[in-house]
Amino acid sequence: MKLTKRQEEIIELVKKNQPITSEQIAQILKVTRAALRPDLAILTMTGILEARPKVGYLYSKKGSNNIIYDYIKEITVADIKTKPVIVTEDTMVYDAILQLFLNDVGTIFVVNNGYLTGAVSRKDFLKIAIGNTDVHKVPIGVIMTRMPNIITVTDEDTAYEAAKKIIEHEVDSLPVIEKIVTDEGKEVFRITGKVSKTNITKLFVKLGSNS
């Protein structure tokens, strides 16, 4: 396992000052707690650090040669992706909300002519639902987050990379895309699946049951 420079700095800080909180680590490294979140998640997930509620972080002394971590690095997005819920840009917000709850998902993906153009989360639906907007008359294309402002993954990416993106960008789900170049030379994206927090959780449960 190869650690980043900041992750190595965090480990040394914890060794010297344990127990130490994320706030204290952030102050010493002069970064925000949000910026540290992915690094701390990785270091605890791999067993290098131990997080104790109301106490802080401790060095677990397990080192970086963590077998589970190395195994996870071999699992690809293609191995864990599931079917996404997809609607078109002209779908009314009301109908999209129904799809959201009928399929029990946190994010709906939007396509136009078969290609990914946007995404809408529960938060987006909540914002418009609590306003005075008539959700029966507003198309999903009006409220969605549009490409290229959507974080994506491909089949070849690892489950680890997908989990890291979910944590870093604080999203519920990532679309799995395949890049296509049209006859006009334009790059578009076909959605082939999704990776969500649920997918990652199921992966860890599976790893635990097989240990």
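Structure's up top.
Structural notes, computed from the coordinates. Just so you know, these numbers come straight off a predicted model, no measurement behind them.

Topic: the nonpolar core
Line of reasoning, step 1. Core analysis: the largest hydrophobic core is formed by 17 residues, its most contacted members being Val93, Ile108, Val120, Phe125, Ile140 and Ile143.
Line of reasoning, step 2. When contributions to this core are tallied by element, the ones reaching two or more residues are helix H6 (93-102), strand S4 (107-112), helix H7 (122-129) and helix H8 (140-143).
Line of reasoning, step 3. If one sorts the elements of this core by residue count, H6 sits on top with 4 residues.
Line of reasoning, step 4. Contacts of Phe125, omitting those with residues within four sequence positions, involve Val93, Ala96, Ile97, Leu100, Ile108, Val120, Ile140 and Ile143.

Focus: the sheet that holds strand S5 (residues 115-121)
Line of reasoning, step 1. Reading across the sheet, the 4 strands line up as S3-S4-S5-S6 and stay open at both edges, with mixed pairing between neighbours. Of all the strands in the sheet, the pair left with one neighbour each is strand S3 (86-88) and strand S6 (145-146).
Line of reasoning, step 2. Those strands touched by H7 are S4, S5 and S6, and its axis lies near 65° from that of S5.

Some remarks on the pairing of S4
Line of reasoning, step 1. Burial runs high along S4: 5 of the 6 residues are buried.
Line of reasoning, step 2. Bridge count between S3 and S4: 3 bridges; the pairing is parallel. From the neighbouring strand, Val87 faces S4, where its bridge partner is Val110.
Line of reasoning, step 3. As for the winding sense of the linkage, the β-α-β connection from S3 through H6 to S4 is right-handed.
Line of reasoning, step 4. Alignment of S4 against S5, held across 6 bridges, turns out to be antiparallel. Bridge pairing links Thr107 to Ser121 in S5.

Describing the side chain of Asn199
Line of reasoning, step 1. Relative to the helices and strands, Asn199 is located in helix H10 (residues 197-210).
Line of reasoning, step 2. Taking relative accessible area as the criterion, Asn199 reaches 7% and is therefore assigned buried.
Line of reasoning, step 3. Of note is the side chain of Asn199, whose polar atom sits 3.4 Å from the side chain of Thr82.
Line of reasoning, step 4. Ignoring sequence-local partners within four residues, the contact set of Asn199 consists of Ile80, Thr82 and Lys194.

Things to note about H6
Line of reasoning, step 1. Within H6, the full set of buried residues consists of Val93, Ala96, Ile97 and Leu100. Projection of H6 onto a plane perpendicular to its axis shows the buried side chains occupying an angular sector of 105°, all on one side.
Line of reasoning, step 2. In this structure, the buried side of H6 is in contact with S4, H7 and H8.
Line of reasoning, step 3. With its phi angle positive at about 50°, Asp104 sits one or two positions after the end of H6.

Overview of the pairing of strand S7 (residues 173-181)
Line of reasoning, step 1. Across 9 bridges, the pairing between S7 and strand S8 (residues 187-196) is antiparallel. Among the inter-strand pairings, Ile180 is bridged to a residue of S8, identified as Val188.
Line of reasoning, step 2. The loop that links S7 with its antiparallel partner S8 comprises 5 residues; one of these, Gly185, has a positive phi angle of about 85°.

Remarks on the packing of aromatic side chains
Line of reasoning, step 1. The tally for this structure, following the rule as stated, stands at 0 aromatic pairs.
Line of reasoning, step 2. The ring of Tyr59 is capped by Lys15, whose NZ or CZ atom sits 4.7 Å from the centre of that ring.

Topic: the packing of helix H1 (residues 5-17) against helix H3 (residues 33-45)
Line of reasoning, step 1. With their axes 10 Å apart at the nearest point, H1 and H3 run at an angle of 70° to one another. It follows that H1 is roughly perpendicular to H3 by the angle criterion. Side by side, H1 and H3 meet where Arg6, Gln7, Ile10 and Ile11 of the first sit next to Ala35, Leu36, Asp39, Leu40, Ile42 and Leu43 of the second.
Line of reasoning, step 2. Class assignment of the residues belonging to the contact of H1 with H3 gives a composition of 7 nonpolar, 1 polar and 2 charged.

Some points on a nonpolar patch on the surface
Line of reasoning, step 1. Residues Tyr94, Leu98 and Leu102 make up a contiguous nonpolar surface patch of about 300 Å² in total accessible area.
Line of reasoning, step 2. Residue position: Leu102 is located in helix H6.
Line of reasoning, step 3. For Leu102, a relative accessible area of 69% corresponds to the exposed category.

Quick notes on unusual backbone geometry
Line of reasoning, step 1. At the junction of Gln18 and Pro19, the peptide bond is cis and its omega measures out at -10° in the coordinates.
Line of reasoning, step 2. Considering the arrangement of structural elements, one finds Pro19 in the loop between H1 and helix H2 (22-29).
Line of reasoning, step 3. Cis geometry is adopted by the peptide bond preceding Pro148, which originates at Met147 and carries an omega value of 10°.
Line of reasoning, step 4. Position of Pro148 among the secondary structure elements: in the loop between S6 and helix H9 (159-169).
Line of reasoning, step 5. Although it is not a glycine, Asn113 adopts a positive phi angle of roughly 55°.
Line of reasoning, step 6. Relative to the elements of secondary structure, Asn113 occurs in the loop between S4 and S5.
Line of reasoning, step 7. Despite not being glycine, Glu170 has its phi angle at roughly 50°, a positive value.
Line of reasoning, step 8. Inspection of the secondary structure assignment puts Glu170 in the loop between H9 and S7.

Rules used throughout
- Residues numbered from 1 in each chain as written.
- Predicted model: local features only at pLDDT ≥ 70, side-chain atom pairs only at ≥ 80, totals over all residues.
- Heavy atoms only, no water.
- Core = buried A, V, L, I, M, F, W, Y, C linked by side-chain atoms within 4.5 Å.
- Buried < 20%, exposed > 50% of the residue type's maximum accessible area, 1.4 Å probe, protein only.
- Helix = DSSP H or I, 4+ residues; strand = E, 2+ residues; numbered from the N terminus.
- Contact = heavy atoms within 4.5 Å.
- Pairing = 2+ DSSP bridges.
- Axes fitted to C-alpha atoms, helices over the stretch in contact; angles between N-to-C directions.
- Right-handed = clockwise from strand over helix to strand, strands pointing away.
- Polar contact = N/O pair within 3.5 Å; in protein donor to acceptor, adjacent residues only side chain to side chain.
- Arc of directions from axis to C-beta.
- Phe/Tyr/Trp six-rings, centres within 6.5 Å; stacked < 30°, edge-to-face > 60°.
- Lys NZ or Arg CZ within 6 Å of the ring centre and 35° of its normal.
- Parallel < 35°, antiparallel > 145°, perpendicular 65-115°, else oblique.
- Nonpolar A, V, L, I, M, F, W, Y, C, P; charged D, E, K, R; others polar.
- Patch = residues over 30% accessible without salt bridge, like charges linked within 9 Å, V, L, I, M, F, W, Y side chains within 5 Å.
- Areas by Shrake-Rupley, 256 points an atom, 1.4 Å probe, with all protein chains shown as cover.
- Salt bridge = Lys/Arg side-chain N within 4 Å of Asp/Glu carboxyl O.

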